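# Fold and geometry: a report
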Amino acid sequence: MITDLITVTLEDNLKEVANVFDNIKIRHVPVVSGDTLLGMVSKSDVAMMKQFCQVLDSGDRILFEELEEVSVKALMKKPITIDISGTIKEATDIFLKNHFHALPVVDGTKLVGIVTSTDLLKYYQHKVG
């Protein structure tokens, strides 16, 4: 589990989130209010929005800079979470049933970490190897 998290808030805009993904090697960012998890935004969602803006820019002059007007709330997804007392098997089962690669770890509503599919692969590689 990763506990040193980069987060964004509902007050942030999609351009700011895109800059986070461009400057830090992460693929998912939690949306929080204080330490309460509200949602998740993925790098691929932001990339899709950037590409959409580039396509529209050819005729309608909608530029990526206009994403400053788009709030994080417009793109964030309600996350599936795992409790801090959850097991590696439970996390694996959640990943196998869903189509995402980051699982927020919570203690009640408080975000305490994230487990990624890469974390689980590293764990299983260590166990087998």
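Residues numbered from 1 in each chain as written. Predicted model: local features only at pLDDT ≥ 70, side-chain atom pairs only at ≥ 80, totals over all residues. Heavy atoms only, no water.

## Section: helix α1 (residues 14–23)
Rule in force here: Each residue gets one of three labels from its accessible area relative to the maximum for its type: buried under 20%, exposed over 50%, partly exposed in between, using a 1.4 Å probe on protein chains only. Here a strand is any run of E in DSSP of at least two residues, a helix any run of H or I of at least four, and the numbering for each starts at the N terminus. By the criterion applied in these results, polar contacts are pairs of N or O atoms within 3.5 Å in which, for protein atoms, one can donate a hydrogen and the other can accept it, and in which residues neighboring in sequence qualify only through two side-chain atoms.
Within α1, burial applies to Leu14, Lys15, Val17, Ala18, Val20 and Phe21. Between a side-chain oxygen at the N-terminus of α1 and the backbone nitrogen of lysine 15 the separation is 3.0 Å; the capping residue is asparagine 13.

## Quick look at the pattern of salt bridges
Filter applied, for reference: We define a salt bridge as a side-chain nitrogen of Lys or Arg found within 4 Å of a carboxyl oxygen belonging to Asp or Glu.
Under the defined criterion, the tally for this structure stands at two salt bridges. One salt bridge connects aspartate 45 with lysine 77, and the closest N-O pair in it is separated by 2.5 Å. Of the two residues, aspartate 45 sits in helix α2 (residues 43–60) while lysine 77 sits in the loop between α2 and β3 (82–83), which places them 32 residues apart along the sequence. Residue class for lysine 77 comes out partly exposed when judged on its relative accessible area of 45%. Measuring nitrogen to oxygen at the nearest pair gives 2.9 Å for the salt bridge that ties aspartate 93 to lysine 89. With aspartate 93 and lysine 89 both in helix α3 (residues 88–97) and four residues apart, the pair spans about one turn of that helix. With relative accessibility at 28%, the residue aspartate 93 sits in the partly exposed group.

## With respect to the pairing of strand β4 (residues 102–107)
Put simply, the rule reads: Strand pairing is assigned whenever DSSP detects at least two bridges linking the two strands.
In terms of residue burial, β4 counts as a mostly covered element, since five of its six residues are buried. Relative to β4, β3 runs parallel, the two being bridged by two bridges. The residue of β4 that forms the bridge with isoleucine 82 is valine 105. In terms of strand pairing, β4 meets strand β5 (residues 110–116) through six bridges, oriented antiparallel. Across the sheet, the residue bridging to aspartate 107 is lysine 110, located in β5. Remark: two residues form the turn of the hairpin made by β4 and β5, two consecutive strands paired antiparallel; glycine 108 in that turn has positive phi of roughly 75°.

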